[in-house]
Amino acid sequence: MARAVTQQRKLTNTVIAWVIGLLIFFPILWTVLTSFKTEAQAIADPPVFLFFDWTLENYAVVQERSDYMRFLWNSIFVAGGSTILGIIIAVPAAWSMAFVPSRRTKDILLWMLSTKMLPAVGVLYPIYLIFINLGLLDTRIGLTIVLMLINLPIIVWMLYTYFREIPGEILEAARMDGASLSKEILYVLTPMAIPGIASTVLLNIILAWNEAFWSLNLTAAGAAPLTAFIASYSSPEGLFYAKLSAASTMAIAPILILGWFSQKQLVRGLTFGAVK
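No experiment lies behind these values; they were computed from the predicted model shown.

(A) A look at the environment of Ser66. Here Ser66 is to be found in the loop between α3 (57-65) and α4 (68-99). Overall, Ser66 belongs to the buried group, its relative accessible area being 9%. A C-alpha to C-alpha distance of 9.6 Å links Ser66 and Ala247, two positions 181 residues apart in sequence. Not counting chain neighbours up to four residues away, the residues in contact with Ser66 comprise Phe71, Phe229 and Tyr233.

(B) Just a nonpolar patch on the surface, in detail. Taken together, Phe26, Phe49, Leu50, Phe51 and Trp54 make up a surface patch of nonpolar side chains, about 580 Å² in accessible area. Structurally, Phe26 is set in helix α1 (residues 2-34). A relative accessible area of 40% means that Phe26 is categorised as partly exposed.

(C) The nonpolar core, seen in detail. Ranked by size, the top nonpolar core spans 30 residues in total, and within it Val62, Trp214, Leu226 and Phe229 carry the most contacts. Contributions of two or more residues to this core are made by α3, α4, α6 (124-134), α7 (140-164), α10 (194-210), α11 (213-218), α12 (226-231) and α13 (241-275).

(D) Looking closely at the side chain of Ser215. The residue Ser215 is located in helix α11 in this model. A distance of 3.0 Å separates the side chain of Ser215 from the backbone oxygen of Glu211, its partner in a polar contact. Sequence-distant contacts of Ser215, that is, excluding residues within four places in its chain, are made with Leu143, Pro225 and Thr227.

(E) Up close: the packing of α4 against helix α9 (residues 181-192). Running from N to C, α4 and α9 point in directions that differ by 95°, and their axes come no closer than 12 Å. The angle between the axes of α4 and α9 places the two elements in the roughly perpendicular class. The segment α4 lies against α9, with Val91, Trp95 and Phe99 engaging Leu181, Glu184, Ile185 and Leu189. Its residues assigned to classes, the contact of α4 with α9 comprises 6 nonpolar, no polar and 1 charged.

(F) Expanded view of the packing of aromatic side chains. Under the criterion given, the structure shown has 11 aromatic pairs. Arranged with centres 4.7 Å apart and planes meeting at 15°, the rings of Phe52 and Trp54 form a pair that is stacked. Take Trp54: its relative accessible area is 49%, and that puts it in the partly exposed class. Through pairs of rings, three or more aromatic residues link up here, namely Phe36, Phe52, Trp54 and Tyr59. Above the face of the Phe71 ring, Arg70 is positioned so that its terminal group lies 4.5 Å from the ring centre. Directly above the aromatic system of Phe77 lies the positively charged group of Arg140, at a separation of 5.2 Å from the ring centroid.

(G) Geometry of the confidence of the model for the chain. Scored by pLDDT, the chain comes out at a mean of 83, with 90% of its residues at no less than 70. Between residues 269-276, whose pLDDT stays under 50, and residues either more than four places distant or in other chains, the model counts 5 contacts.

(H) Summary view of unusual backbone geometry. Although it is not a glycine, Asp138 adopts a positive phi angle of roughly 60°. Among the structural elements, Asp138 can be located in the loop between α6 and α7.

Analysis parameters
- Residues numbered from 1 in each chain as written.
- Predicted model: local features only at pLDDT ≥ 70, side-chain atom pairs only at ≥ 80, totals over all residues.
- Heavy atoms only, no water.
- Helix = DSSP H or I, 4+ residues; strand = E, 2+ residues; numbered from the N terminus.
- Buried < 20%, exposed > 50% of the residue type's maximum accessible area, 1.4 Å probe, protein only.
- Contact = heavy atoms within 4.5 Å.
- Patch = residues over 30% accessible without salt bridge, like charges linked within 9 Å, V, L, I, M, F, W, Y side chains within 5 Å.
- Areas by Shrake-Rupley, 256 points an atom, 1.4 Å probe, with all protein chains shown as cover.
- Salt bridge = Lys/Arg side-chain N within 4 Å of Asp/Glu carboxyl O.
- Core = buried A, V, L, I, M, F, W, Y, C linked by side-chain atoms within 4.5 Å.
- Polar contact = N/O pair within 3.5 Å; in protein donor to acceptor, adjacent residues only side chain to side chain.
- Axes fitted to C-alpha atoms, helices over the stretch in contact; angles between N-to-C directions.
- Parallel < 35°, antiparallel > 145°, perpendicular 65-115°, else oblique.
- Nonpolar A, V, L, I, M, F, W, Y, C, P; charged D, E, K, R; others polar.
- Phe/Tyr/Trp six-rings, centres within 6.5 Å; stacked < 30°, edge-to-face > 60°.
- Lys NZ or Arg CZ within 6 Å of the ring centre and 35° of its normal.
- pLDDT = per-residue confidence, 0-100.

What follows is the structure in C-alpha cells.
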C-alpha cells in the first residue's frame, strides 16, 4: 500500500512537472509553428495549431532580406566577449569578497545589486555621448563593454556565492606550499569552482544574447546582433507575424542548441570532473 501511494505521488509530480514545462515552452513552440504558416494562417481566428499548409517561404524571405550570418556573428561576438571579460574581472573581485572580506564588503555587494534597479534609459544619454566621443557607436567592442558592465553585478554575486562554499583552509594550504596569489586563484580556486563558473557563464551568455535595449540604441547596421535583426521585422506597415516568427526562430535556435548541449554534456561533465 505504501509503495502504491509512493508511485501515485511520483506519477502526479511527473504530470505536474510536464504540464508546467509545456506551459513555459508553449510560447517558443507557438513561435516555431507560426514561422511555417502563411501570413493569413498566422492571423487566422480561431488560430490553427498543427493542421495547416506548412511552408518554408518565410525563411526564404528572411534570408533574402537580411544577412542572417552577419547578425549571428555579431551576437556570438558580443555574448561571448562580454562573458569572458566579465569572468576575468569578476573572479578576482569575488575571491577578495569571499576570502578577504572587509567591513564594507556587504555594502559593496548591495550597492552592486542596486545598480540593476536603475532603469537603463536613465543612463542611455550619457553613454550615448561617451560612445560618440570615443568612436564606439555601432561597434561590437562598444556593445561588448556595455553588456559586460551591465551583467557584471550578477556575475560577481553568483561567483561570490559559489566561492563562499569553498573551504578557506584549502587556499591557506596552497599558500603554505608557496603558491602566489595568481596561482592560488588560477590553479586552486578556479578548478574547484568550475561548476559554478560554468553556470554563471551560461546565464551571462543568455542575458547578453537576449539584450535588446542597448543593442537597438547603440548599434545600427555594422554591429547589430540578432535582437536588432528581429526588431527589423516590426515596421510602420504593421507586423508580419509569420516572417517575424521565422526571424525569431532563427535567432533563438543557436541559444536553444547551446542550452541543450550544455545541459546534457558541458555542465554534467564539469560537475563530474569537479566531484571526481
